Amino acid sequence: EMSFVTQEDVWAAIEPIMHGVFAEFRPEATITPPPFPRVPYSEALARYGSDKPDLRNPLVIEDATEVFRGGGFAVFAGAIEKGATVRALRVPGAAAQPRSFFDKLNQWARDEGAPGLGYVILAEGAARGPIAKFLDEPRLAALRRLTGAADGDAVFFVCDKPAAAARLAGKARTRLGEELDLLEKNAFRFCWVTDFPMYERDEETGKIEFSHNPFSMPQGGLEALETKDPLTIKAYQYDIVCNGVELSSGAIRNHRPELRRAAARWLGAGDRSHRHAHRGRDQHPRGHRVSDESAGAGSPHAGAGAGAARALEGAAHPARSAAGAQGLTRPRGRL
């Protein structure tokens, strides 16, 4: 916890510690040197399908919506007109895989609740596969340019509403990276995920809630809270991630009472039910009174929960840490 600092100051303080811990326990490994890459939340979802990206995985997701918009593949074209997006995942060398490989992936996608996982296989300047016949030459050329795909590669597709498409594409990226043994070996790849949204809309009730930490400073301050669509407002919030595991979470604290009151006014907006009607307008769903005059009052301050136990577990037992990340205690500390 530090006063009168920016988030860059916090990052500069934490990065040498994290790097030092991993260098001490895994001197033979490749470790991201400070400064760690900064990945905005929106970019993390768009390119990696997760707000905890594993940067050992070389696969990158692209937005292929325009390739299929108005095209002959009615399933995608019709969904796009209703607000869906198409996420594309190029996998180098995957054209050499047998048909059973693609069939198993398709079944995996169905098991995940999707209709399937579309794909094209590129060879000899053309494409084959279930979707290939719907891609004329201009659309196929556009797909190659977009993804960087070449003969010998395969490109996989997910078509759904943006959030659902990002989730499934991210899961497909992870599965393909692991199944094809694409992950960088003996490496610890760090990054900061930044610019989390201040608010999100609950999919069940339709109401607006804080998405991460209710005591974070909104980017744009009072003007943003009073003039912008709340779902477009970002917060000064950040996570440090290593190999797909969140090690630490923090924020610039909202120390100004008038900003906390303004931030709380959006809670419950657009609610399609009345089950939260008893809650005061300054009451967060988890019970925090976000506009309390004493909460976080004082000088501007920021910090992060160091997550030392998780960092040590990751350094000493990386496979076990990744597999059990969701079961580990979330780093605690003042944000």
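Described below are features of the structure shown in this document.

Conventions and cut-offs
Residues numbered from 1 in each chain as written. Predicted model: local features only at pLDDT ≥ 70, side-chain atom pairs only at ≥ 80, totals over all residues. Heavy atoms only, no water. Helix = DSSP H or I, 4+ residues; strand = E, 2+ residues; numbered from the N terminus. Buried < 20%, exposed > 50% of the residue type's maximum accessible area, 1.4 Å probe, protein only. Contact = heavy atoms within 4.5 Å. Pairing = 2+ DSSP bridges. Axes fitted to C-alpha atoms, helices over the stretch in contact; angles between N-to-C directions. Arc of directions from axis to C-beta. Polar contact = N/O pair within 3.5 Å; in protein donor to acceptor, adjacent residues only side chain to side chain. Core = buried A, V, L, I, M, F, W, Y, C linked by side-chain atoms within 4.5 Å. Left-handed = near helix turned anticlockwise from the far one by under 90°. Nonpolar A, V, L, I, M, F, W, Y, C, P; charged D, E, K, R; others polar.

## Thoughts on the overall build of the chain
Consideration 1: Tallying secondary structure elements over the chain gives 11 helices and 15 strands in all.
Consideration 2: In the chain, which comprises 335 residues, the proportion classed as buried is 47%.
Consideration 3: Across the chain, contacts joining residues at least 24 apart in sequence account for 73% of those joining residues at least 6 apart.

## Points about the sheet that holds strand β6 (residues 118–123)
Consideration 1: An order of β4-β5-β8-β6-β7 is seen for the five strands of this open sheet, with the pairing classed as antiparallel. Of all the strands in the sheet, just β4 (61–63) and β7 (126–128) have a single pairing partner and so form its edges. Averaged over all adjacent pairs, the angle separating strand axes in this sheet is 30 degrees, with direction ignored.
Consideration 2: In this sheet, strand β8 (residues 154–160) lies alongside β6 in antiparallel orientation, the contact comprising four bridges. The residue bridging Val120 from the neighbouring strand is Val155, located in β8.

## Details of helix α6 (residues 137–147)
Consideration 1: Looking at α6, one finds that the buried residues are Leu140, Leu143, Arg144 and Thr147. Angularly, the buried residues of α6 cover 100 degrees about the axis, an arc narrow enough to put them on a single face. Summarising the geometry of α6, the exposed residues directed more than 90 degrees from the buried face are Pro138 and Arg145.
Consideration 2: Contacts made by the buried residues of α6 are with β4, α3 (65–68), β5 (85–91), β6, β7 and β8.
Consideration 3: N-cap assignment for α6: the residue whose side-chain oxygen lies 2.9 Å from the backbone N of Arg139 is Asp136.

## Structural notes on the nonpolar core
Consideration 1: Membership of the largest hydrophobic core comes to 33 residues, with the highest contact counts inside it found for Phe190, Tyr199, Ile240 and Leu247.
Consideration 2: Looking at this core, the elements that each hand over two or more residues are α1 (7–25), β10 (190–194), β12 (208–210), α8 (221–227), β13 (237–242), β14 (245–252), α9 (257–264) and β15 (301–305).
Consideration 3: Of the residues forming this core, the biggest block, five residues, is contributed by α1.
Consideration 4: Among all residues touching Tyr199, those that are not within four sequence positions of it are Ile208, Glu209, Phe210, Ser211, Leu225, Pro230, Leu231, Ile233, Ala262, Ala263 and Trp266.
Consideration 5: Within the second largest apolar cluster, 24 residues are counted, among which are Leu59, Val91, Ala94 and Leu168.

## With respect to the environment of Asn106
Consideration 1: Of note, Asn106 is situated in helix α5 (residues 99–111).
Consideration 2: Through-space distance from the C-alpha of Asn106 to that of Gly116 is 5.0 Å; in sequence the pair is 10 residues apart.
Consideration 3: Discounting chain neighbours no more than four positions away, the residues touching Asn106 are Gly116 and Leu117.
Consideration 4: At 2.7 Å, the side chain of Asn106 forms a polar contact with the backbone nitrogen of Leu117.

## Details of the sheet that holds β10
Consideration 1: A sheet is described by the order of its strands in space; here six strands give the open sequence β1-β15-β14-β13-β10-β3, paired in mixed fashion. Edge positions in the sheet fall to β1 (2–3) and β3 (38–40), since each of these pairs with one other strand and no more.
Consideration 2: Bridge count for β1 against β15 is two bridges, and the pairing is antiparallel. By the bridge assignment, Met2 is partnered in β15 with Ala302.
Consideration 3: Contacts between helix α2 (residues 41–48) and the sheet are confined to β3 and β10, with β3 contributing the most and set at about 85 degrees to the helix.

## What to know about the packing of α5 against helix α7 (residues 162–179)
Consideration 1: Packing of α5 against α7 leaves a shortest axis separation of 12 Å and a crossing angle of 145 degrees. For α5 against α7, the interelement crossing comes out right-handed. Residues Phe101, Leu105 and Trp108 of α5 form the contact with α7, whose own contacting residues are Leu168, Lys171, Ala172, Arg175, Leu176 and Glu179.
Consideration 2: Of the residues belonging to the contact of α5 with α7, the class tally is six nonpolar, no polar and three charged.

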